[in-house]
Amino acid sequence: LHLPRTNFAAVRVKRDVRTRSSLGAMFLSKSPADAGSSNQVVAVDASLAPAQTVSIIGFAAQSFTPGLARSAHAVGVDLNWETERYSAVGSYVDIGDDFTSEMGFLQRQGIRKYRGSFAVQRRPRMMNIRQLFVFDDHTLVTDRQGALQSQVNFLGSGVILNDGGFFVGGWQNLAEGLTEPFEIRDGVEIPIGQYRFNQAFVFFELDRSRRLSGNGLITSGGFYDGTLHAFTLGAQYRPAGRLTLNLDYGRNIVSLPIEGGDFTTTLVITRGSFALSTRAFLRGLVQYNDDDDEARYNVLFRYTYRPGSDVYVVYNEDRGVQGNRPALKNRQLLVKATIYWVPK
């Protein structure tokens, strides 16, 4: 695989202006060393705290890409209010049809996203309970003409224990507006249309300070015009103070009224982390997905040579298994350094 020579640049500045408030700006640039299209992004952001219980976070960005200038902006604002008994969040994001950030990750273009949530929490001072809470969280995503793309409404309740463990359960109503067929797996497409369905969910996590702890997510209910039953179970083991081992196992059982719509997928992830010292650690990951018969390997070394300044070395490799060819899909070695400098 031959990749063209490319120049990258990223500049970030940030300044604290008041207690719990800041202003910032960012510039990103990707320019081919030879012929090719370039991409630049300029952004400003602010985080304001006008009161102890209120915070406002906002950003505005503009991208510059040859041939894409019709609607190349992105703006967003988050309003947060939180007291000991109540909390509320409201947010709005508008991303233009031509906004492009080739050095970052952009899930969708040409959308407007609205979110509102409200929660009530209490501290009952009984048994081993630290907090009880109920919540309603609603997110709506449309295109820039107002047509539905996706919608999620969570309604649930939970308990947080004094040891840090928690349990959350509830119901979610989902909607998806497909303007083109959605390929959920190779050769299996969900047709164009609007879909609404409901699911029940349970999520829990046990005390992570123990030598052996665990977590899980169970979801069951509708899925487009069919059904989905899914679960993920995880375990964390600390055999020694510097070493942590994790194992996650996930399984999805899907049934859709289309050709090839009945299938099961399995995902297994193992992780390990070892602290070499207070300034350096080594982390590894192995992931296997039986849907595409691929295994992914990742190794990260991080060294903090002074506060705020780090060196990273990352190795990534993707391999085909179970006869998936070619055996070697991808291999990367990355080195990154950050420098924290405060002018006097």
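Note that the coordinates shown come from a computational prediction; the quantities given were computed from them, not determined experimentally.

Considering the overall build of the chain
- If you tally the helices and strands in the chain, you get zero helices and 21 strands.
- Projected onto its principal axes, the C-alpha coordinates of the chain cover approximately 55 × 55 × 55 Å.
- The long-range share in the chain, meaning contacts at least 24 apart out of those at least 6 apart in sequence, stands at 40%.
- When the accessible surface of the chain is summed, it comes to about 21400 Å², and 57% of that surface belongs to carbon and sulfur atoms.

Considering the packing of aromatic side chains
- Tallied over the entire structure, the rule returns 12 aromatic pairs.
- Taking 5.4 Å as the distance between ring centres and 45° as the angle between the ring planes, the aromatic pair formed by tyrosine 92 and tyrosine 114 counts as tilted. Residue tyrosine 92 is located in strand E6 (residues 86-95), and its partner tyrosine 114 is located in strand E7 (residues 111-122); the two are separated by 22 residues in the primary sequence.
- Tyrosine 114 gets classed as partly exposed once you look at its relative accessible area, which sits at 35%.
- Residues phenylalanine 133 and phenylalanine 135 carry aromatic rings whose centres are separated by 6.2 Å and whose planes lie at 35° to one another, so their mutual orientation is tilted. A single burial state applies to phenylalanine 133 and to phenylalanine 135, both of which are buried.
- Every member of this aromatic cluster is reached through a ring pair, and the members are Phe182, Tyr195, Phe197, Phe223 and Tyr224.
- The ring of tyrosine 312 carries the charged tip of lysine 336 above its face, separated from the ring centre by 5.5 Å.

A word on the environment of aspartate 262
- On the secondary structure map, aspartate 262 appears in strand E17 (residues 262-275).
- Relative accessible area serves as the criterion here: at 57%, aspartate 262 is assigned to the exposed category.
- Each C-alpha atom of the pair aspartate 262 and glycine 226 lies 9.4 Å from the other, and the pair is 36 residues apart in sequence.
- Those residues in contact with aspartate 262 that lie beyond four places of it in its chain are Val254, Ser255 and Leu256.

Some remarks on the pattern of salt bridges
- Overall, the coordinates contain 16 salt bridges when judged by the stated rule.
- The salt bridge involving arginine 208 is made with glutamate 205; its shortest N-O contact spans 3.7 Å.
- A salt bridge links arginine 296 to aspartate 292; the nearest nitrogen and oxygen atoms lie 3.7 Å apart.
- Overlapping salt bridges, with partners in common, bring together Asp94, Arg112 and Arg144 in one network.

Quick word on the side chain of glutamine 121
- Topologically, glutamine 121 is positioned in strand E7.
- For glutamine 121, the side chain forms a polar contact with the main-chain oxygen of threonine 83, separated by 3.4 Å.

Some remarks on the environment of valine 41
- With respect to the secondary-structure elements, valine 41 resides in strand E3 (residues 39-51).
- The class of valine 41 is buried, set by a relative accessible area of 6%.
- Between the C-alpha atom of valine 41 and that of leucine 140, which follows or precedes it by 99 residues, the distance is 26 Å.

Some remarks on unusual backbone geometry
- We note that arginine 20 has phi near 65°; this positive angle belongs to a residue other than glycine.
- Examined against the element boundaries, arginine 20 turns out to sit in the loop between strand E1 (6-18) and strand E2 (21-32).
- We classify arginine 20 as partly exposed; its relative accessible area is 45%.
- Residue tyrosine 224 is not a glycine yet carries a positive backbone phi of 55°.
- Assignment of secondary structure puts tyrosine 224 in the loop between strand E14 (212-223) and strand E15 (226-240).

Notes on the nonpolar core
- Core analysis: the biggest nonpolar cluster contains 12 residues, these being Leu174, Leu178, Ile190, Tyr195, Phe197, Phe223, Tyr224, Leu228, Ala230, Val254, Leu256 and Phe263.
- Those elements that place two or more of their residues in this core are strand E10 (166-178), strand E13 (193-205) and E15.
- The residues touching leucine 178, leaving out its near neighbours within four places in the chain, are Ile190, Pro191, Ile192, Gly193, Tyr195 and Tyr224.
- Judged by nonpolar contacts, the second largest core, of nine residues, contains Ala61, Ala74, Phe99 and Val141.

Things to note about the environment of serine 71
- Tracing the backbone shows serine 71 in the loop between strand E4 (54-64) and strand E5 (73-82).
- C-alpha separation for the pair serine 71 and glycine 96, spaced 25 residues apart in sequence, amounts to 4.8 Å.
- Setting aside residues no more than four positions away along its own chain, serine 71 makes contact with Gly96, Asp97, Asp98, Phe99 and Arg144.

Here we look at the side chain of serine 87
- The residue serine 87 is located in strand E6 in this model.
- When its relative accessible area of 18% is taken as the criterion, serine 87 is described as buried.
- Setting aside chain neighbours within four positions, we find serine 87 in contact with Trp81, Glu82, Ser117, Phe118, Ala119 and Gln121.

Reading guide: rules and limits
Sequence order sets the numbering: in each chain, residues are counted from 1 along the sequence as written. Residue-level local features of this predicted model are given only where pLDDT is at least 70; pairs of side-chain atoms are given and counted only at 80 or more, and the full residue set underlies all totals for whole chains, interfaces and linings. With hydrogens and water stripped out, all remaining heavy atoms of the structure feed into the side-chain values. Counting from the N terminus, the helices are DSSP H or I runs at least four residues long and the strands are E runs at least two residues long. What makes two residues a contact is simply this: any of their non-hydrogen atoms within 4.5 Å. Surface accessibility in these figures is a Shrake-Rupley result with a 1.4 Å probe; residues are shielded only by whichever protein chains are displayed. Aromatic pairing here means that ring centres of Phe, Tyr or Trp (its six-membered ring) are within 6.5 Å. Orientation follows from the plane angle: under 30 degrees is stacked, over 60 is edge-to-face, and everything else is tilted. Exposure is judged per residue with a 1.4 Å probe applied to protein chains only, and the accessible area is read against the type maximum: over 50% gives exposed, under 20% gives buried, and values in between give partly exposed. When the NZ atom of lysine or the CZ atom of arginine is within 6 Å of a ring's centre and also within 35 degrees of its normal, the charge is said to sit over that ring. The term salt bridge refers to a pairing of a side-chain nitrogen on Lys or Arg with a carboxyl oxygen on Asp or Glu at a separation within 4 Å. In protein, a polar contact means a hydrogen-donor-capable atom and an acceptor-capable atom, both N or O and within 3.5 Å, with residues adjacent in sequence counting only if both atoms are side-chain atoms; elsewhere, any N or O pair within 3.5 Å suffices. Within this scheme, the nonpolar core is defined by two criteria: the residues are buried Ala, Val, Leu, Ile, Met, Phe, Trp, Tyr or Cys, and they are joined through side-chain atoms within 4.5 Å.

Take it as geometry only, folks, not as evidence of what the structure does.
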